[in-house]
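A closer look at the structure
What follows is each chain in one-letter form.
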Amino acid sequence: MTGKEFEKRVRWMGRRKKLPVRFEPHGKGSHGRLYYGNRFTTLKDRKQEIGAGLLKAMCSQLGIDPRDL
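Structural notes, computed from the coordinates. (Residues numbered from 1 in each chain as written. Predicted model: local features only at pLDDT ≥ 70, side-chain atom pairs only at ≥ 80, totals over all residues. Heavy atoms only, no water.)

**A word on the pattern of salt bridges**
- Counted by the stated rule, this structure contains four salt bridges.
- The partner of Arg22 in a salt bridge is Glu24, with the nearest N and O atoms 2.8 Å apart.
- Salt-bridge contacts for Arg67 lead to Asp65; the nearest nitrogen and oxygen are separated by 2.9 Å.
- On the basis of relative accessibility, which here comes to 74%, the residue Arg67 falls in the exposed class.
- Look at Asp65 and you get partly exposed, because its relative accessible area is 28%.
- Ionic contacts of the salt-bridge type, sharing partners, join the residues Glu7, Arg11 and Arg46 into one network. (Salt bridge = Lys/Arg side-chain N within 4 Å of Asp/Glu carboxyl O. Buried < 20%, exposed > 50% of the residue type's maximum accessible area, 1.4 Å probe, protein only.)

**Details of the side chain of Glu7**
- Position of Glu7 among the secondary structure elements: in helix α1 (residues 3-17).
- Note on Glu7: relative accessible area 3%, which makes it buried.
- A polar atom in the side chain of Glu7 sits 2.8 Å from the side chain of Arg46.
- Contacts of Glu7, omitting those with residues within four sequence positions, involve Phe23, Leu34, Leu43 and Arg46. (Helix = DSSP H or I, 4+ residues; strand = E, 2+ residues; numbered from the N terminus. Polar contact = N/O pair within 3.5 Å; in protein donor to acceptor, adjacent residues only side chain to side chain. Contact = heavy atoms within 4.5 Å.)

As structure tokens, then:
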């Protein structure tokens, strides 16, 4: 899954659960923070693939189950 796909799926979950989701550029290049409700995670280059370990860590930071994506 790419960073863009991850963001799209988190936005979909946010709409279902009526939670605000936003992306704010932060740091160098294409890095940014993806907010899900009052939690956030750092999203790297949105064009590249996200590894399994990083995906699990990002989902944990947002408080969602990776299987729900």
